[in-house]
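Each chain, written out:
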Amino acid sequence: MSIVILGIESSCDDTSAAILKDEVILSNIISSQKVHSEYGGVVPELASRTHQQNIIPVVDKAIKDAGIKPDDIDAIAFTRGPGLMGSLLVGTSFAKGFALARNLPLIEVNHLHAHVLAHFIKEDENDTEQPGFPFLCLLVSGGNSQIILVEEHLKMKILGQTIDDAAGEAFDKCAKIMGLPYPGGPLIDKYAQKGNPERFKFNKPGIKNYDYSFSGLKTSFLYFLRDEMKKDSSFIENNKYDLCASLQKTIVDILMDKLIKASKDTGITQIALAGGVSANSGLRNTIQNHKGWKTFIPKFSYTTDNAAMIAITGYYKYLNKEFTDQSVAPFARTEF
Ligand code: KG4
C-alpha cells in the first residue's frame, strides 16, 4: 500500500509544503519571503510573522496541486531544526495541530538530513537517478558546509564541517564587501562566467582534517580590496568579473580539496551535492568533470530549502516507525 506524506518546511525564510506518495513527488510549493532583501539578510522576527501568514495557503495549495484530499494523508513530517526558532515554531505548531486534528502520526525531521535525502525524491515511478550506498554528500548552503558519509537513508555521519563561516556565507559576505545585493552568491556566479579565474589569488586555509574554514578568505578579500580601492576608487567596478571569477575559483578549490581527500581516504566515488550553493555553476562543473566520480546533483528546487526533502525523509522514518509525540519542541542548533 502506498504512503502519502505531507512535508512542512519553515526553518528560515521559505515557507514550503509538499506531498509525496512513497518516493514520488506530487507537489512541492515554496513561498520565498521577499521582505528581507532590503535588510541585507534574513530578519528573524519578520520571517516568523511571514511564515504565519503563508503556512495555511501554502499547505492548501500543496494538497490541491497534488490532486489528493486531506483524508488521503497518512502522516505529517516537519522540520524540527536546526533553524531560526521563531520560524521553526510556526511549522512545528502547524504540524502538531494538523496531526492532532486529523489523528495522524507526526514525524520530526532534521533539516540537514533532509538536504541529503533530497537525492531520493523521484519525479515519477521510473526515475532511477538515485545514488547507491555508501556515498559522500557535500552539503553547502548559507548556514552549513559539511562532508557527510551516507551509509543508509537514516544512517549518516559528518566527516568534516566548517569551523567558522559556511561556503554560502563566504559568497554572500564577499559580495557585500563588493557592494552587491543580498544574497550575493548567484550574482558572483553570474559575473564569474565573464571573468578570468586566475587573475587574483586569495588565502586558502591550512586545516589538516576534513574541516572547512572560510573566514580567512573573507578577510584576505576585504584587505585586498581595501588596498586596491585606495589606489583606484573604481577598482571593484572595473574588475568585478575577474574578482568574482577568482573568488569563486578559490571557494570551489577549498571545497574540492577536502572532498577529494575524503573520497581518496574512504574509497567512495559516488559523490552527491546538496544545499543552496550547489546551484553554483563553477562547483557543479568542477564536480561533474572530476575523473572517476559518479556525481549526483539534485534539481534546483530540491537544493534550496523545500518541503519535498522533508517529506522524503518523513517517508523513510515512517517505514522505520520513527514517530514523535505532541510534546516535541523545535531546536535551533544541533550537531547531526
Ligand atoms: O540552502 P540555501 O537556500 O539556504 C540557506 O542555508 O540559507 O542556501 C542559500 C545560499 C546563499 O548563501 C546563496 O548566496 C547561495 O546559497 N547560493 C549561491 C548560488 N545560488 C545560491 N552561491 C553561489 N552560487 C550560486 N549560484
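Every value quoted in this text rests on a predicted model; they were computed, and no experiment measured them.

**Re the overall build of the protein chain**
Now for step 1: For the protein chain, the count of helices and strands is 10 helices and 10 strands.
Now for step 2: Relative to the globule expectation of 20 Å for 336 residues, the C-alpha radius of gyration of the protein chain, 20 Å, shows essentially globular dimensions.
Now for step 3: When its C-alpha atoms are laid out on the principal axes, the protein chain stretches across 65 × 45 × 30 Å.
Now for step 4: The proportion of buried residues among the 336 residues of the protein chain is 53%.
Now for step 5: A fraction of 72% describes how many contacts in the protein chain between residues 6 or more apart in sequence connect residues 24 or more apart.

**Comments concerning the packing of helix α5 (residues 185–192) against helix α7 (residues 235–266)**
Now for step 1: It is at 7 Å that the axes of α5 and α7 come closest, and there the two elements cross at 110 degrees. Looking at the two axes, α5 sits roughly perpendicular to α7. Where α5 crosses over α7, the handedness of that crossing is left-handed. Contacts between α5 and α7 involve Ile-188, Asp-189, Tyr-191 and Ala-192 from the first element and Lys-240, Tyr-241, Cys-244, Ala-245, Leu-247 and Gln-248 from the second.

**Some words on the side chain of Ser-145**
Now for step 1: Structurally, Ser-145 can be placed in strand β7 (residues 145–152).
Now for step 2: What makes Ser-145 buried here is its relative accessible area of 1%.
Now for step 3: Only 2.7 Å separates the side chain of Ser-145 from the backbone nitrogen of Ala-167, close enough to count as a polar contact.
Now for step 4: When near neighbours in sequence (up to four residues on either side) are disregarded, Ser-145 contacts Leu-139, Val-140, Gly-160, Gln-161, Thr-162, Ala-166, Ala-167, Tyr-212 and Phe-214.

**Considering the packing of aromatic side chains**
The geometry of an aromatic ring pair is captured by two quantities: the separation of the ring centres and the angle between the planes.
Now for step 1: Following the criterion strictly, the structure yields 14 aromatic pairs and no others.
Now for step 2: With centroids separated by 5.2 Å and ring planes inclined at 75 degrees, the aromatic side chains of Phe-202 and Phe-221 adopt a geometry described as edge-to-face. You can see Phe-202 sitting in the loop between α5 and α6 (215–231) and its partner Phe-221 sitting in helix α6, a full 19 residues away along the chain. Comparing Phe-202 with Phe-221, the two get one shared label, buried.
Now for step 3: Ring geometry for Tyr-318 and Phe-323: centres 5.5 Å apart, planes at 80 degrees, overall edge-to-face.
Now for step 4: An aromatic cluster of three or more residues is present, and its members are Phe-120, Phe-133, Phe-135, Tyr-315 and Tyr-316.
Now for step 5: In this structure, Lys-240 is placed above the aromatic ring of Tyr-191, and the distance from its NZ or CZ to the ring centre is 4.8 Å.

Thresholds, definitions, all that
Residues numbered from 1 in each chain as written. Predicted model: local features only at pLDDT ≥ 70, side-chain atom pairs only at ≥ 80, totals over all residues. Heavy atoms only, no water. Helix = DSSP H or I, 4+ residues; strand = E, 2+ residues; numbered from the N terminus. Rg over C-alpha atoms; globule rule 2.2 N^0.38 Å. Buried < 20%, exposed > 50% of the residue type's maximum accessible area, 1.4 Å probe, protein only. Contact = heavy atoms within 4.5 Å. Axes fitted to C-alpha atoms, helices over the stretch in contact; angles between N-to-C directions. Parallel < 35°, antiparallel > 145°, perpendicular 65-115°, else oblique. Left-handed = near helix turned anticlockwise from the far one by under 90°. Polar contact = N/O pair within 3.5 Å; in protein donor to acceptor, adjacent residues only side chain to side chain. Phe/Tyr/Trp six-rings, centres within 6.5 Å; stacked < 30°, edge-to-face > 60°. Lys NZ or Arg CZ within 6 Å of the ring centre and 35° of its normal.

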